Structure formats: C-alpha cells, structure tokens
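Here are the chains, one letter per residue:
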Amino acid sequence: MNKTFHLIILSLFVAQSLVLYIVEGMLPVPFIAPGAKLGLANLITVIALYALPRKRDVALILLLRIILSTAFGGGINAFFYSVSGAALSLGSMLVFQKCGKFSLIGVSAAGGIFHNFGQVLVACFIVENMKIMLYLPVLAVAGTGTGILIGITAMVTLKHLQKLPLYKRIQQTC
Amino acid sequence: MIRKWDVALIVSLLILSCIPAALFWASGQAASANGTHAIIYVNGKKYKTIPLSEHHGTDTLTIRTSSGYNTILIRDEEIAIIDADCPDQVCVHEGFLKNPGQTSVCLPHKVMVEVQANDASDPDIIRAR
C-alpha cells in the first residue's frame, strides 16, 4: 500500500515536470543568450526538494524527467546539457538547503545559476574551447532571474500544498 | 521571504561567474597592441586563420559541414557569421566580432569563430607590410 502510494506520488511529480517542460517549449521566449530559458520544469524539482523527505526521490524524479524529455523532443546533445546542468543544480540546491541559512528563493536562484554553469561546462567540452565561459556572466544573471521567479512560485505553491491532508501523508510515508 | 543570506549567496555567485570572463578579457587587452586575427574552428580543429587588423573591404566564406552551412562575412576589421541553416541561429545573432576574446559559436554545426590578439611570434599570420 505504502509502496504504491510512493510510486504514484513520484509518478505525479515526473508527469507534472514533463508537462511543464513541453509547455515551456511552446512558449516564445525572448532571446537573451544561448541556452537561457525559463526552466519551468525546475519548479517541480524545487517543490519536490521541500515536499519529499527523502532526497534520493528528488534525484530520481529529475533523472526520469530528463530521460523522458529527451524522448519527447531534444536530441542526445540536449540530454548531455540537461544532465550536467541538473546534476550541478540539484547538488548545489541540496548543499544550500542543508546549510539552513538560505530561504527557498536563495536555494532556487543558486540552482538556476549552477544549472547554467553545468551547461556551459558541457558546451566547453563539445566545442573544445574554454572561451564559451565568456557567456557565463550573462547566463548567471538569467539563471538568477528565473531562479528567483521559480523560488517565489514554489514558495506560494508549497504554502497551499501544506493545507492538504495529502501533504502530511507524503511527509509521513514517502 | 528573501533573507540577507540569500542576497549574499546570489551576489557572490554572480561575482564568481565573472571571473573567467575577466581573465580572458585581461589577457586579451594585454596583447591586443599587435593587431588581431580571427580563427575559425570546425569540430574543435583549427580550420582557417584570417588576419583582421590589416583587412580591408569585404569577403565572404562559406563553411559546409555534414550538418549544414555557415556563411562568414569579413568586413574591414570585423568578422561575423551572417547566415547559417542551424535551428537556433545563435551564431547569426552574435553579430560582428572585433576585439580579442570575442567569439561566435554555432553549437549545432560545431563551428566557432574567435578573435585573437596577434602574438608577435605567431607563425600562422602573414602580415601585410
């Protein structure tokens, strides 16, 4: 019973983040810098980071979402960009969350910056030139902006999620 | 809501992100006195070197790879990728490059244009006297 509940909750998170990813692909986004985008799917990662007690589940949700989004659009290159960005972003968010000094907004902004940092690293590797690092300041500013927006949205969502009896059940049994 | 630790974290990360750019810029400024040249990389390998600081008039050059084409325009001392059949057009949006350290990258085709300062002993450059 609990195992089924756990499975369904994780599936819901993966499905929601995949939908956000696909919807984001349909939105016209103004061109700021190569690789800069909203990162709506990260909203689910941030919410899961605070709603799920086991951090292993958050990593699993993120990995499943990336594999599925690679299948739904985006090629193998997009997969490498996503994986490195996601790994650095999730890693940094876990560290900053554990640290306890930062609010959800700060954690999310740091996640946004580190996500772009991971992508720049892969771009450096693919083109075999370190000069791609020149895009880092612009991308970091973009990552901060989207990270703060995602953080505020996650904060409001969590505030309302906590009213649900389901949320307590997630905290106790997942 | 947002705490002062958040602000400190974000500001320090933003400063950190500028360090590589600052290093490249500083090394480019120090060496730009000898003039500039552009290097075109295809697939990570040096494809062509074009002297920029002595260049006059306009030249175009088209690079064809298995993934598509990139058209490069050299206008006086500037260089730009003006056309490409890649989906994102990032390299075309980058516009003209002039100063050492500036780059224009076409990730889908693995084509990259980079402006570098001339090293007095660079054997790849033939200078017009």
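Fair warning: this is a prediction, and the values are worked out from it, not measured in the lab.

About the cut-offs
- Residues numbered from 1 in each chain as written.
- Chains lettered and ligands numbered in written order.
- Predicted model: local features only at pLDDT ≥ 70, side-chain atom pairs only at ≥ 80, totals over all residues.
- Heavy atoms only, no water.
- pLDDT = per-residue confidence, 0-100.
- Helix = DSSP H or I, 4+ residues; strand = E, 2+ residues; numbered from the N terminus.
- Pairing = 2+ DSSP bridges.
- Axes fitted to C-alpha atoms, helices over the stretch in contact; angles between N-to-C directions.
- Phe/Tyr/Trp six-rings, centres within 6.5 Å; stacked < 30°, edge-to-face > 60°.
- Buried < 20%, exposed > 50% of the residue type's maximum accessible area, 1.4 Å probe, protein only.
- Lys NZ or Arg CZ within 6 Å of the ring centre and 35° of its normal.
- Contact = heavy atoms within 4.5 Å.
- Disulfide = S-S within 2.5 Å.
- UniProt positions renumbered as here; feature names shortened; annotations may be inferred.
- Left-handed = near helix turned anticlockwise from the far one by under 90°.
- Nonpolar A, V, L, I, M, F, W, Y, C, P; charged D, E, K, R; others polar.
- Polar contact = N/O pair within 3.5 Å; in protein donor to acceptor, adjacent residues only side chain to side chain.

Trainee: Quick one: what's the story with the confidence of the model for chain A, residue by residue and with numbers?
Mentor: Overall, the prediction assigns chain A a mean pLDDT of 88, with 95% of residues at 70 or greater. No element of chain A has a lower mean pLDDT than helix 7 (residues 165–173) of chain A, at 86, and none a higher one than helix 2 (residues 42–51) of chain A, at 93.

Trainee: Could you give an account of the sheet that holds strand 7 (residues 111–117) of chain B, with specific residues and numbers?
Mentor: All names here are of chain B. Spatial ordering of the open sheet is given by 2-1-7-6, a layout of four strands whose pairing is antiparallel. Only two strands of the sheet have a single partner each, and these edge strands are strand 2 (45–51) and strand 6 (103–106). Taken over all neighbouring pairs, the strand axes of this sheet differ in orientation by 20 degrees on average, direction set aside. When strand 6 meets strand 7, the two strands line up antiparallel, connected through four bridges. When the bridges of strand 7 are listed, Cys106 appears paired with Val111.

Trainee: Talk me through the packing of aromatic side chains; I want residue IDs and the actual numbers.
Mentor: In the structure shown here, the tally under the stated rule is five aromatic pairs over all chains. Judged by centre distance (6.4 Å) and plane angle (45 degrees), the ring pair of Phe96 of chain A and Phe114 of chain A falls under tilted. A residue pair is termed long-range when its members are at least 10 positions apart, and Phe96 of chain A in helix 4 (residues 76–99) and Phe114 of chain A in helix 5 (residues 104–127) qualify at 18 residues. The residues Phe96 of chain A and Phe114 of chain A share a single accessibility class, namely buried. Feature note: the residues Phe96, Phe102, Phe114 and Phe117 of chain A together with Trp5 of chain B constitute an aromatic cluster, connected by ring pairs. The ring of Trp5 of chain B has Lys101 of chain A lying over it, and the distance from NZ or CZ to the ring centre is 5.4 Å. Stacked on the ring of Phe5 of chain A, the Lys or Arg Arg169 of chain A has its end atom at 4.0 Å from the ring centre.

Trainee: Account for the side chain of Ser103 of chain A, with residues named and values stated.
Mentor: Mapped onto the secondary structure, Ser103 of chain A falls in the loop between helix 4 and helix 5. In this view, Ser103 of chain A contacts Tyr50 of chain A together with Met1, Ile2, Arg3 and Asp6 of chain B; residues no more than four positions away in its chain are not counted.

Trainee: Provide a residue-level description of the state of the cysteines, including the pertinent values.
Mentor: Residues and elements named next belong to chain B. The tally for this structure, following the rule as stated, stands at zero disulfides over all chains. The thiol of Cys91 is unpaired, and the distance to the nearest cysteine sulfur, on Cys106, comes to 4.0 Å. Among the cysteines around Cys106, which has no disulfide bond, Cys86 carries the closest sulfur, lying 3.7 Å off. Given the relative accessible area of 1%, Cys106 is considered buried.

Trainee: Go over the sheet that holds strand 3 (residues 58–65) of chain B, please, and point to the residues and values.
Mentor: Residues and elements named next belong to chain B. Ordered by their spatial adjacency, three strands build an open sheet running 3-4-5, and the pairing between neighbours is antiparallel. Each edge of the sheet is formed by a strand with only one pairing partner; in this case those strands are strand 3 and strand 5 (78–84). Put simply, the sheet's adjacent strands are angled 25 degrees from each other on average, direction ignored. Pairing geometry for strand 3 and strand 4 (residues 68–75), over eight bridges, is antiparallel. Its bridge partner lying in strand 4, Arg64 is registered against Tyr69.

Trainee: Please give an account of the UniProt feature "transmembrane region" (unreviewed entry) in chain A that cites residues and values.
Mentor: Residues and elements named next belong to chain A. Taking the numbering used here, the UniProt-annotated feature "transmembrane region" (unreviewed entry) corresponds to residues 7–23, 29–52, 59–82, 102–127 and 134–158. A helix fraction of 100% and a strand fraction of 0% characterise residues 7–23, whose end C-alpha atoms lie 24 Å from each other. Taken end to end, residues 134–158 comprises 92% helix and 0% strand; its first and last C-alpha atoms sit 36 Å apart.

Trainee: Kindly report on the packing of helix 4 of chain A against helix 5 of chain A, identifying the contributing residues and their values.
Mentor: All names here are of chain A. At a minimum axis separation of 7 Å, helix 4 and helix 5 run at an interaxial angle of 145 degrees. The two elements helix 4 and helix 5 cross, and the hand of that crossing is right-handed. Here the residues of the contact of helix 4 with helix 5 are counted per class, giving 14 nonpolar, 12 polar and no charged.

Trainee: Residues and numbers for the environment of Ser92 of chain A, please.
Mentor: Residue and element names in this part refer to chain A. Counting through the fold element by element, Ser92 comes out in helix 4. Its relative accessible area of 8% is what places Ser92 among the buried residues. It is 9.2 Å that separates the C-alpha atoms of Ser92 and His115, two residues lying 23 residues apart in sequence. Not counting the four nearest positions on each side in its chain, Ser92 is found in contact with Ala110, Gly111 and Phe114. Here Ser89 takes part through its backbone oxygen, which lies 2.8 Å from a polar atom of the side chain of Ser92.

Trainee: Please give an account of the environment of Ile82 of chain B that cites residues and values.
Mentor: Residue and element names in this part refer to chain B. Among the structural elements, Ile82 can be located in strand 5. Along the sequence, Ile82 and Gly95 sit 13 residues apart, while their C-alpha atoms lie 7.4 Å from each other. Beyond its immediate chain neighbours, meaning those up to four positions away, Ile82 contacts Thr71, Leu73 and Val92.

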